[in-house]
Amino acid sequence: MIKVRIIPTLLFKDYGLVKGIAFDSWRRVGSAMQAVKVYNLREVDELVFLDITATLQGRPPDLETVDELADECFMPLTVGGGVKTVQDVQRLLRVGADKVAVNTAAVERPEFIREIAEKFGSQCVVVSIDSQRLAGGAYEVFTHAGTRATGLDPVALARKVAELGAGEILLTSIDRDGTMDGYDVELIRRVSEVMSIPVIASGGAGNYEHMAQALRDGKATDLAAASIFHFTQQTPLEAKTYLAAQGFHMRFS
Amino acid sequence: MRRVAVIDYGLCNLDSIARALEECGGVPTVTAEPGPLKTATHIILPGVGAFSTAMHNLRQAGFEEVLQEQVVHRQIPFLGICLGMQMLAAKGYEGRETPGLGWIGGEVRRLKPTRVNERIPHVGWNEVHQQTAGPLFQGIPSGKDFYFVHSYHLCYGQEAHILATTPYCGGFISAVGRDLIFGVQFHPEKSQRLGFQVLRNFLSL
């Protein structure tokens, strides 16, 4: 049986790790290398590393930093932030990323997803979708680290990129990000139930029961989380123990 | 000294494999040319991407004859990882129908879900159930989780060379072995402690 992955997310901004609330009010949470070493020791299922200022500053991925982190990272590693060209992907894979996460470029030029899938395989491309709940209950996709509205519906975008060859969707709720109030289960369910590729829920996890809700009611296949691991005593291992007791299939190394 | 040649045909994360081999006591050389295969004590064929592109790149770079000589005739231990295992098949259908190395036989086809919650790609940690005892899984209990990320799998009628299977899409072959030729569908370099044990076992051959 395939196991539910618990995936710590590391957000990188100007030389350090940060964690914000609703994509704002960033707090520094230490060095990326330190975090990678701790997660390595704890044998977490996978890591996501997102450089949240690359696109805003109009620069390509910071290969040197990824190279250093990947050298210490003996677990699957997804890297995102500023990924815009096939060359960016090739360079990231070369320095040790296993997969790339594409956010803004997937909206600006969806064909890019097909290009990556054809050259490196679908399993290499994670499309990261940041979404906000609108007043009427509909959802809208935002790009540029949550700063630019697109008018797109996340379900429509997920369908489109899956057709183009995306291997996974990393689905983040901007409203819930950093609040620790729970995942946006409705958003996750809408996207995940129409997808035949894995959907990783992200944004809002504050306790283990939130994780169970995203799996049970949201039908997420996997879970990403940041604040819960940075700012509380809760750990990926305890999360797994809790979820296993609820009947979910978890991996214990 | 374990001089490990890691074949580079331009498509994947080779840094991780090289780093993992170093951690396991090997001396890796990542090479885009067949030359270093002649002095290697072990050969690793990694891989992501499409079967047809990978076989094409491998042949274009002149690896096939040298591999035939070193692995089949001189019996240098060989490990194919992920797509590198699939390339041991007689042929693959990803991209277009393409002949593989053919050392194990069988065909490479797309995974087909047999249950509603099985999604493709098969990505994440899943069990590796050992079917045959052998050196590759020495010291590793059967049924432990390893990291997978793939959409295609090796289909193979004979049981003789099947080392392990994994319960997904009705069950697929996750490790094969014939003499000193091995292939694993999972990524040992990303499977932490037990993955490293597989690499150490391979290097000890």
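Now for a look at the structure at hand. (Residues numbered from 1 in each chain as written. Chains lettered and ligands numbered in written order. Predicted model: local features only at pLDDT ≥ 70, side-chain atom pairs only at ≥ 80, totals over all residues. Heavy atoms only, no water.)

Quick look at the interface of chain A and chain B
At step 1: Facing 40 residues of chain A, the contacting portion of chain B comprises 34 residues.
At step 2: With both chains or domains summed, chain A and chain B bury close to 3100 Å², and 48% of this area falls on carbon and sulfur atoms.
At step 3: In terms of surface lost to chain B, no three residues of chain A exceed A:Ile2, A:Phe74 and A:Gln123, which account for 23% of the buried area on that side.
At step 4: Salt-bridge contacts for A:Asp98 lead to B:Lys190; the nearest nitrogen and oxygen are separated by 2.8 Å. (Contact = heavy atoms within 4.5 Å. Buried area = accessible area lost by both parts, 1.4 Å probe. Salt bridge = Lys/Arg side-chain N within 4 Å of Asp/Glu carboxyl O.)

Description of the packing of aromatic side chains
Residue and element names in this part refer to chain B.
At step 1: Applying the stated criterion across every chain yields a total of 9 aromatic pairs over all chains.
At step 2: Between Trp125 and Tyr147, the aromatic rings sit 5.6 Å apart at their centres with planes inclined by 65°, giving edge-to-face as the arrangement. A residue pair is termed long-range when its members are at least 10 positions apart, and Trp125 in strand β8 (residues 122-130) and Tyr147 in strand β9 (residues 144-150) qualify at 22 residues.
At step 3: Residue classification places Trp125 among the buried residues on the basis of a relative accessible area of 1%.
At step 4: For Tyr147, a relative accessible area of 2% puts it in the buried group.
At step 5: Judged by centre distance (5.9 Å) and plane angle (75°), the rings of Phe148 and Phe186 are edge-to-face. Taken as a pair, Phe148 in strand β9 and Phe186 in the loop between β13 (181-184) and α5 (192-203) lie far apart in primary sequence, 38 residues in all.
At step 6: Taken together, the aromatic side chains of Phe137, Phe146, Phe148, Phe172 and Phe186 make up a single cluster linked through ring pairs. (Phe/Tyr/Trp six-rings, centres within 6.5 Å; stacked < 30°, edge-to-face > 60°. Helix = DSSP H or I, 4+ residues; strand = E, 2+ residues; numbered from the N terminus. Buried < 20%, exposed > 50% of the residue type's maximum accessible area, 1.4 Å probe, protein only.)

Re the packing of helix α8 (residues 208-216) of chain A against helix α10 (residues 236-245) of chain A
All names here are of chain A.
At step 1: At their nearest, the axes of α8 and α10 sit 9 Å apart, and the two run at 55° to each other. Judged by the angle between their axes, α8 and α10 are oblique. In this structure, α8 crosses over α10, and the sense of that crossing is right-handed. Residue-level inspection shows Tyr208, Glu209, Met211, Ala212 and Leu215 of α8 in contact with α10, the latter providing Glu238, Ala239, Tyr242 and Leu243.
At step 2: Taken together, the residues of the contact of α8 with α10 sort by class into 7 nonpolar, no polar and 2 charged. (Axes fitted to C-alpha atoms, helices over the stretch in contact; angles between N-to-C directions. Parallel < 35°, antiparallel > 145°, perpendicular 65-115°, else oblique. Left-handed = near helix turned anticlockwise from the far one by under 90°. Nonpolar A, V, L, I, M, F, W, Y, C, P; charged D, E, K, R; others polar.)

A look at the side chain of B:Ser151
At step 1: Among the secondary structure elements, B:Ser151 is positioned in the loop between β9 and β10 (152-155).
At step 2: Setting aside chain neighbours within four positions, we find B:Ser151 in contact with B:Arg110, B:Leu111, B:Ile120 and B:Pro121.

With respect to the sheet that holds β8(B)
All names here are of chain B.
At step 1: Overall, mixed pairing links the 9 strands, which are arranged β2-β1-β3-β4-β13-β12-β11-β8-β9 in an open sheet. Only two strands of the sheet have a single neighbouring strand rather than two, namely β2 (27-31) and β9. The sheet shows a mean angle of 25° between the axes of neighbouring strands, direction not considered. (Pairing = 2+ DSSP bridges.)

Focus: the sheet that holds strand β5 (residues 91-92) of chain B
All names here are of chain B.
At step 1: Pairing in this open sheet of 4 strands is mixed, and the strands run β6-β5-β7-β10 from one edge to the other. In this open sheet, the two strands that pair with only one neighbour each are β6 (98-99) and β10.
At step 2: By the bridge criterion, 2 bridges tie β5 to strand β7 (residues 107-110) in an arrangement that is parallel. Residue pairing across strands places Lys91 opposite Glu107, the latter belonging to β7.

Structural notes on the pairing of strand β11 (residues 199-202) of chain A
Residue and element names in this part refer to chain A.
At step 1: The side-chain alternation of β11 yields two buried faces, one formed by Val199 and Ala201 and the other by Ile200 and Ser202.
At step 2: By the bridge criterion, 4 bridges tie strand β10 (residues 168-173) to β11 in an arrangement that is parallel. Along β11, the bridge assignment pairs Ile169 with Val199.
At step 3: As paired strands, β11 and strand β12 (residues 222-225) are joined by 2 bridges and run parallel to one another. Opposite Ile200, over in β12, you have Asp222 as the bridge partner.

With respect to the side chain of A:Thr172
Residue and element names in this part refer to chain A.
At step 1: Within the element layout of this structure, Thr172 appears in strand β10.
At step 2: Polar side-chain contacts of Thr172 include one of 3.0 Å to the side chain of Ser202.
At step 3: Once residues lying within four places of it in the same chain are set aside, the contact partners of Thr172 are Phe23, Ile129, Asp130, Ser131, Leu187 and Ser202. (Polar contact = N/O pair within 3.5 Å; in protein donor to acceptor, adjacent residues only side chain to side chain.)

A few points about the pattern of salt bridges
At step 1: Tallied over the entire structure, the rule returns 24 salt bridges over all chains.
At step 2: Residue A:Lys3 is joined to B:Asp145 by a salt bridge in which the shortest nitrogen-to-oxygen separation is 2.8 Å. You can see A:Lys3 sitting in the segment before β1 (6-13) and its partner B:Asp145 sitting in strand β9, one on each of two chains. You'll find A:Lys3 and B:Asp145 in the same group, each marked buried.
At step 3: Where A:Glu193 meets A:Arg189, a salt bridge forms, and the shortest distance between an N and an O atom there is 3.0 Å.

Structural notes on helix α1 (residues 14-23) of chain B
Helical geometry: 3.6 residues make up each α-helical turn, so side chains three or four residues apart lie on a common side.
Residues and elements named next belong to chain B.
At step 1: For α1, the tally of buried residues reaches 7 of 10 residues, placing the bulk of the element in the interior.
At step 2: Of all the positions in α1, only Leu14, Ser16, Ile17, Ala18, Arg19, Ala20 and Leu21 are classed as buried.
At step 3: Looking at the residues trailing α1, positive phi occurs at Gly25, about 95°.

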